[in-house]
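Here is how the chains run, residue by residue.
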Amino acid sequence: MQPLLWQASLETFQMVGWSALFTVLIGLPIGLLLVLTDRGALLANAAANKALGTVVNVGRSLPFIILLIAITPFTRGIVGTTIGVDAAIVPLAVGAVPFFARLVETAVREVDRGLIEASQAMGASHLTTVRKVLLPESLPALVAGLTTTVIALVGYSAMAGAIGGGGLGDLAIRYGYQRFENGLMIATVVLLIVLVQIVQLLGDFTAKRLAHR
């Protein structure tokens, strides 16, 4: 049991880690654009804002298990296969990006508008305002949003096991469910709970430290 749990845990870490990285790289700019292109914002553009918002809403409306199956051609085109850890990373990131983008939007909207106006009054460019005002001021909320996203990815990664995605979910299905090995099923559940608790504690600690810096 121990080697199986160790290998499955490593696969889960790999899936969650890489998908979280891609989620931040793609979701952060999208979330910023949702704020910046809104009415009265720095890059106000109603058409672009509405189009981007629609794409994000469509992505959020799809249940993850359906998304896994729906984008199999896209997944195959990216990694060359639809099973295994590498294949699971693609739908994990695709599913998490819209979720994280909305959390980024919420976090950035909480920044005091007076700070933005002051930055603009001092002649700061739009990029400088984003880098020096919006991102630093919203950082604690962004970290909290990332924590929530990573925890969601842990749950998504377990569901990815339903189609051979690897990780703890795949182990629980193949051994715990199909072979009725209840001990392995319980061990898998405990590991997932511990992983989520660790992520939540680290995220809360980091967000609080940033909020009081």
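Thresholds, definitions, all that
Within each chain, residue numbers correspond to sequence positions counted from 1 in written order. Note on the predicted model: pLDDT of at least 70 is required for a residue's local features to be given, and 80 or more for side-chain atom pairs to be given and counted; whole-chain, interface and lining totals, by contrast, use all residues. With hydrogens and water set aside, each side-chain value is computed from the structure's full complement of heavy atoms. Here a strand is any run of E in DSSP of at least two residues, a helix any run of H or I of at least four, and the numbering for each starts at the N terminus. When accessible area is computed with a 1.4 Å probe and restricted to protein chains, residues below 20% of their type maximum are described as buried, those above 50% as exposed, and intermediate ones as partly exposed. Only heavy atoms matter for contacts: two residues are in contact if any of them lie within 4.5 Å across the pair. The protein chains shown are the only cover counted for residues, whose accessible areas, like all others here, come from Shrake-Rupley with a 1.4 Å probe. We count Lys and Arg on the positive side and Asp and Glu on the negative side, and we leave His and both chain ends out. Think of each charge as sitting on NZ of Lys, CZ of Arg, CG of Asp or CD of Glu. Here a cavity denotes a set of grid points, spaced 1 Å apart and computed over the protein atoms alone, in which a 1.4 Å probe fits but from which it cannot get out, and a pocket denotes an open set meeting protein on both sides within 12 Å along at least five of seven lines; residues with an atom within 4 Å of a point are reported as lining. Grid points are joined across faces, edges and corners, and a volume is the space filled by probe spheres set on the points. UniProt positions are given in the numbering used here, feature names are shortened, and annotations may be inferred rather than shown by experiment. The score called pLDDT rates the predictor's confidence residue by residue, from a low of 0 to a high of 100.

So, on to the overall build of the protein. When you go through the protein residue by residue, the secondary structure sums to nine helices and zero strands. Ordered by position from N to C terminus, the α and β elements of the protein give α-α-α-α-α-α-α-α-α. Buried residues in the protein amount to 40% of all 213 residues. A fraction of 72% describes how many contacts in the protein between residues 6 or more apart in sequence connect residues 24 or more apart. Of the accessible surface of the protein, which amounts to about 11,600 Å², a share of 67% is contributed by carbon and sulfur atoms. Across the protein, the mean location of the 14 positive side-chain charges is 4 Å away from that of the 11 negative side-chain charges.

With that out of the way, let us pick up empty space enclosed by the protein. Tallied over the entire structure, the rule returns one cavity of 30 Å³ or more. Here the largest cavity is characterised by a volume of approximately 70 Å³. Taken together, 13 residues form the lining of the largest cavity, with Thr82, Ala87, Ala88, Pro91 and Ile163 sitting closest to its centre. Elements with a minimum of two residues in the lining of the largest cavity: α4 (72-79) and α5 (85-109). Among the elements that line the lining of the largest cavity, the one with the most residues is α5, at three residues.

Right, let's talk about the UniProt feature "transmembrane region" (unreviewed entry) in the protein for a bit. Taken from the UniProt record, the annotation "transmembrane region" (unreviewed entry) applies to residues 15-36, 48-71, 77-101, 141-163 and 183-203. For residues 15-36, helix accounts for 100% and strand for 0%, while the C-alpha atoms at its two ends are 31 Å apart.

Chain-level statistics for the protein give a pLDDT mean of 88 and a share of 98% at 70 or above. No element of the protein has a lower mean pLDDT than helix α8 (residues 167-177), at 76, and none a higher one than α5, at 93.

This paragraph deals with the environment of alanine 162. Its location among the elements puts alanine 162 in the loop between α7 (126-160) and α8. Judged by relative accessible area, alanine 162 falls into the partly exposed class, the value being 49%. When the C-alpha positions of alanine 162 and arginine 174 are compared, they lie 9.0 Å apart, and in sequence the two are twelve residues distant. Beyond its immediate stretch of four places on either side in the chain, alanine 162 contacts Ile65 and Ile173.

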